[in-house]
Each structure stands twice: as C-alpha cells, then as structure tokens.
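Residue strings, one per chain:
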Amino acid sequence: MAVLADSYGFRPYACVVPTQAGRPALLPVMECSSPIFGRRGVSLPFTDAVPALAESSEQRQALWEQVLTLGRARKWRSVEWRGGMPAEGARTAISFYNHTLALEGTPDALWGRLDDPVRRALRKAARLGVEVRRETTWESVRHFYRLHGQTRRWHGLPPQPLSFFRHLHHHLIGRGAGCVFSAWHQGEVIAAAVFLQRGRRAIYKFGASDRSRQELRANNAVMWEAIRYFTASGLEWLDLGRTSYQQEGLRRFKLGWGARESMLNYCKFDLRRHTFVTAPDHSIGWHTAVFRRLPLPFLRWLGARLYPHLS
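Basis of the calculations
- Residues numbered from 1 in each chain as written.
- Predicted model: local features only at pLDDT ≥ 70, side-chain atom pairs only at ≥ 80, totals over all residues.
- Heavy atoms only, no water.
- Helix = DSSP H or I, 4+ residues; strand = E, 2+ residues; numbered from the N terminus.
- Rg over C-alpha atoms; globule rule 2.2 N^0.38 Å.
- Buried < 20%, exposed > 50% of the residue type's maximum accessible area, 1.4 Å probe, protein only.
- Contact = heavy atoms within 4.5 Å.
- Areas by Shrake-Rupley, 256 points an atom, 1.4 Å probe, with all protein chains shown as cover.
- Lys, Arg positive; Asp, Glu negative; His and termini not counted.
- Charge placed at Lys NZ, Arg CZ, Asp CG, Glu CD.
- Expected span 1.5 Å × (residues − 1).
- Phe/Tyr/Trp six-rings, centres within 6.5 Å; stacked < 30°, edge-to-face > 60°.

This next bit is on the overall build of the protein chain. Helix and strand counts for the protein chain come out as 10 helices and 12 strands. The C-alpha radius of gyration computed for the protein chain amounts to 20 Å, which stays within 12% of the reference 19 Å derived for 311 residues, consistent with globular compactness. Dimensions of the protein chain, computed from C-alpha atoms along their principal axes, come out at roughly 60 × 45 × 35 Å. Across the 311 residues that make up the protein chain, the buried fraction comes to 48%. For the protein chain, contacts bridging at least 24 residues in sequence account for 73% of all contacts bridging at least 6. About 15,500 Å² of surface is accessible on the protein chain, with carbon and sulfur atoms providing 52% of the total. Between the centroid of the 45 positive side chains of the protein chain and the centroid of its 25 negative side chains there is a distance of 6 Å.

Quick look at the structure:
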C-alpha cells in the first residue's frame, strides 16, 4: 500500500471487524481518485489477489458492509474486491486463471515435475553459458527496468514509471521482502524477474527479457533458479500470478513448471446503481496494437501519465 500511495497518490484504508477470539478480520482497500474515471475503491490496485483476512463468511460479509459504508461516505463510484466472493448474492465481474507452484521435495523431484520442453530449455541455457544471479540492489532493478520497457512494448502495454520501481525497491526489495533474479550472458543482463516474498510464500510479480536473445532461454533459467532458491530457503509456495483467458502462451509457460491451476474471481459493485457489474478484460485489444507501434521513450512517458488513473 505504501508503494502504491507513494507512486500514484492512492489513499490507503483498512476495514476492520473485531472478533471474540481477539484477532480482528481485516481488508485493506485503497481509494483511487482520477478526473477520468472518478473516485473508486479497490482491494488492492495492481494486485492479483487480496483475500480478506477473515475466518468465516459472516466476517467477510461484515467487512464488505464496512467497505460499502466507507465508499458511500467517500462518494466512490464503485468498489472492487479481488479474491473470492465478499457476500451472499455477489456476482463475478471478471475471472482469470491463477497458478501456484508447491515448493516441496528434492531438487530431483522438482526437476521431474517440469515439462520436457522446459527441461530442454534449461539444458540449452546452461550449455550456452547463461548465469543467473539473485540480487537486491537498485542497480539490479534498473537492469530489469530496461528490459521491462522492451517487454511491455512487445505486449502492447506501457511500462510503469521508473518511480514505481524505485518505491518498490525502497519499501520491499531493499528491506528483504523481495529480490531480482537476473540472467547474465557475456557481461550483459538479458532477462530478469522481480519476486516479492512474505512468510512461506513468494510471488512472481514481473518478468522481462531481451527478445533478440530469446534462443538463449534465459527466462527459463531465471524461473528455475528462483524455484531452487525459494525451495532451499524453506518456502512452501510460489505464486505465479493471474493469467487472462486470452493469454494462452503465458498459461502454458506457467503450467510447464508443474503449477496448479485454479480460478481467480473479482467482484465489482457499482455504488451509483447499487448492483454488481461485470468488468472487461483489457489484456488484449485495439489499444495493444497501437502501443506496439509507439517509440519506447514515448511509451514510458505515456505510462507515467496513465497509471495514476488505472488500477
């Protein structure tokens, strides 16, 4: 929440419901205010899933009622709940695939769960001299950001502003709650991924690579080194994040590591019409074709101005 507040000016709130056991139920939510899209509440912006910290459907219902009360007081247009159903009668606004990888067993057991194409890619990366390093410095984030812009442009999306990654490093990576795995080849970073970590779980948040070096299979090497590191560190789960129904290639990439697939549902409530509504999937569309044709410096400039209005 601090990263998002510092980067985009979103306002953080916490809805809390006391319980008899003494441990309250909790839902973080942020107010996103934009002259384009109005004022709205999201739990949480740019986050794949934020299930409520609640132990019963009654607690979730109470949290949901608190969020609606807050939204009406703050004159929000809508409230978005990411992860499960908040209350009886709630309807799904949009769904995604979600993939998680169990970090259990020996290195040989982990290797055995990989699809054959993944194993071949890893052997090729090793044979061609790709070296993966785990790093937490700002310089490693800068190396990632250079590739991130290229990758986002290829996908037809503007990159987040550099200031977002500066805040991500300040609040999380630089404080031991994340890291960058970078693939080096002949003295140059050719692929990198940002992971966040809390307790027994790690999250694959961002990945990027130099597509002109795709034959080196550096993306695979990065993911494999991260899996090995987190397993050796005693973590139990690696969350590979949400995947749009339209991103079949990304879905196959995640399943190739032996990940478990489940459904991730979001709910959105229109406070003006007092009803649950659907939401479009903007992963692919006419805008992606336009963004692919823009020069990268202009796309970075555009991203810095767009993201404070998005969520």
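Once you've had a look at it, read on.
It is worth spelling out helix 5 (residues 138-155) at this point. Taking 1.5 Å of rise per residue, the 18 residues of helix 5 would be expected to cover 26 Å, and the 25 Å separating its terminal C-alpha atoms lies within 8% of that figure. Buried within helix 5 we find Ser 140, Val 141, Phe 144, Tyr 145, Leu 147, His 148, Gly 149, Thr 151 and Arg 152. Buried residues in helix 5 make contact with strand 6 (131-135), helix 6 (162-171), strand 7 (178-185), strand 8 (188-198), strand 9 (201-209) and helix 10 (296-306). Once helix 5 finishes, Gly 156 follows within two positions and takes phi at roughly 80°, a positive value.

Before going further, it helps to examine the packing of aromatic side chains. For the coordinates displayed, the defined rule picks out 28 aromatic pairs. Measuring from centroid to centroid gives 6.4 Å for Tyr 13 and Trp 76, while their planes differ by 70°, and the two rings are edge-to-face. Here Trp 76 lies in the loop between helix 2 (57-73) and strand 4 (78-82) and Tyr 13 lies in strand 1 (residues 11-17), a separation of 63 residues in the sequence. For the pair formed by Tyr 13 and Trp 76, the shared burial category is buried. Ring centres of Phe 46 and Tyr 307 lie 5.7 Å apart, and the angle between their planes is 55°; on these two criteria the pair is classed as tilted. With Phe 46 in the loop between strand 3 (38-43) and helix 2 and Tyr 307 in the segment after helix 10, this residue pair connects regions lying 261 residues apart in the sequence. Using a relative accessible area of 5% as the deciding quantity, one classes Tyr 307 as buried.

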